[in-house]
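Read off the chains here:
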Amino acid sequence: MTTVNDIVNKFEKFAPKWLAEKGDPVGLQLGDLTQTVHKMMVSLDVRPETVQEAIKNNVDFIFAHHPAMFHPIHSFDLSVPQNQMYAELIKHNISVYAAHTNLDSANGGMNDWLADKLGLQHTEPLLGPKTEKMYKLAVFVPVKAADKLRQGLITAGAGNIGNYSGCSFSIQGQGRFVPQEGAQPYLGTLGQEEKVAEEKVEVIFSAENKNQVLSAMYANHPYEKVVYDLYQIEDVGEKYGMGRIGELSDTMSVEEFVAQCKEAFQIPALRLISPDVTRKIKRVAVLGGSGSQFYTDALAKKADVYVTGDVSYHTAHDMLASGLNVIDPGHHFEWICQPELKRLFSEWAQTENWSVDVIATKINTDPFLFM
């Protein structure tokens, strides 16, 4: 039996919620984390037509990039189409989870998928970096109990550094203490100094594992009072950032790159801002969704062209004046997350032994028509 929570826990190791921009409503939007999932559907958007598709396909769980609920509901008036959609989801016991800007910043997530579609090489984040908050724990324990403690900490999520797991450091020394009245010491006699061979065990772990690691420390430590040091460390955690910038394998003109974008995103047309369509380009920045406000970051990183959606009229004038080529394929070019999410969850279903069928929506939710 696989639950929504099983799937969410796995995903949030890939794209932690703390990566989301402030105020972005990521996470469970409707439903129950304990709900059993037999079939899930991945989608860019949660719209009435995708909900009906999910109902028709007996889907238990919709995993979407764009949140179904950007704003709180103040009145559940069923004459409002959006509220009707929520009612249909509840009626058919379909849970909904949204991974928005956390998926945008995740390594191997949305913006890496976009960069891959464009054929970019040697990529790095356009914005950021955001660094995972890490802690270092140093705990003193009798030598005979050190292995049990160390294993408990590792099992709780400590000791992961890059591509290595089970990382720790130990050094042995002598501990001294005098049990006082009221104490119930693991070793020693009340009122008498006790000397014991101790081991200092050091591990690092991410902030999201802090509570479970400390709980494991107490659960696997024999002392009545545990002595430990805990402090935040810098420049150790994984680095993340939104958007990507990289290089094309070959130099081409703006006009040629426009054709490449249309093919990559399967669109018949797009909007182009360019002082010269014959200009040769090689260095490309991309940011999924609405990223026009970050065009100066693309300029600062010496991009020849910037690919993003929802560029406004006045911002386009500023972009043109700056000399930057900008391609706006529309917000919906993020649809490429659908096959990628299906692939990702299908792989996890195998490795985690989930009894879950994963499908992707077949509905085009782009509200704009090309005429």
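Use the structure listed above.
Residues numbered from 1 in each chain as written. Predicted model: local features only at pLDDT ≥ 70, side-chain atom pairs only at ≥ 80, totals over all residues. Heavy atoms only, no water.

The amide bond that connects G128 to the next residue, P129, takes the cis arrangement and shows omega of 10°. By the element assignment, P129 lies in the loop between β5 (121–125) and β6 (130–131). Residues other than glycine seldom take positive phi values, yet D235 does so here, at roughly 60°. Mapped onto the elements of the fold, D235 is located in the loop between β10 (228–233) and β11 (239–240). Overall, D235 belongs to the exposed group, its relative accessible area being 64%. One non-glycine residue, K302, adopts positive backbone phi at about 60°. Among the secondary structure elements, K302 is positioned in the loop between α9 (295–300) and β15 (305–309). (Helix = DSSP H or I, 4+ residues; strand = E, 2+ residues; numbered from the N terminus. Buried < 20%, exposed > 50% of the residue type's maximum accessible area, 1.4 Å probe, protein only.)

Before going further, it helps to spend a moment on a nonpolar patch on the surface. On the surface, I73, F76, L78 and I90 cluster together to form a nonpolar patch covering roughly 370 Å² of accessible area. Its location among the elements puts L78 in the loop between β3 (61–64) and α3 (81–91). When its relative accessible area of 46% is taken as the criterion, L78 is described as partly exposed. (Patch = residues over 30% accessible without salt bridge, like charges linked within 9 Å, V, L, I, M, F, W, Y side chains within 5 Å. Areas by Shrake-Rupley, 256 points an atom, 1.4 Å probe, with all protein chains shown as cover. Salt bridge = Lys/Arg side-chain N within 4 Å of Asp/Glu carboxyl O.)

Right, let's get into the environment of M242. In this fold, M242 is placed in the loop between β11 and β12 (244–253). Along the primary structure M242 and L149 are separated by 93 residues, whereas in three dimensions their C-alpha atoms are 38 Å apart.

Adjacent strands of a sheet pair through backbone hydrogen bonds, lying either parallel or antiparallel. With antiparallel pairing, the four strands of this open sheet are ordered in space as β8-β9-β7-β10. Of all the strands in the sheet, just β8 (169–177) and β10 have a single pairing partner and so form its edges. Within the sheet, the average angular offset between the axes of one strand and its neighbour, ignoring direction, is 25°. Bridge analysis of strand β7 (residues 134–142) against strand β9 (residues 194–206) gives nine bridges, and the strand direction is antiparallel. (Pairing = 2+ DSSP bridges. Axes fitted to C-alpha atoms, helices over the stretch in contact; angles between N-to-C directions.)

Everything listed here is a matter of geometry and, on its own, says nothing about what the molecule does.
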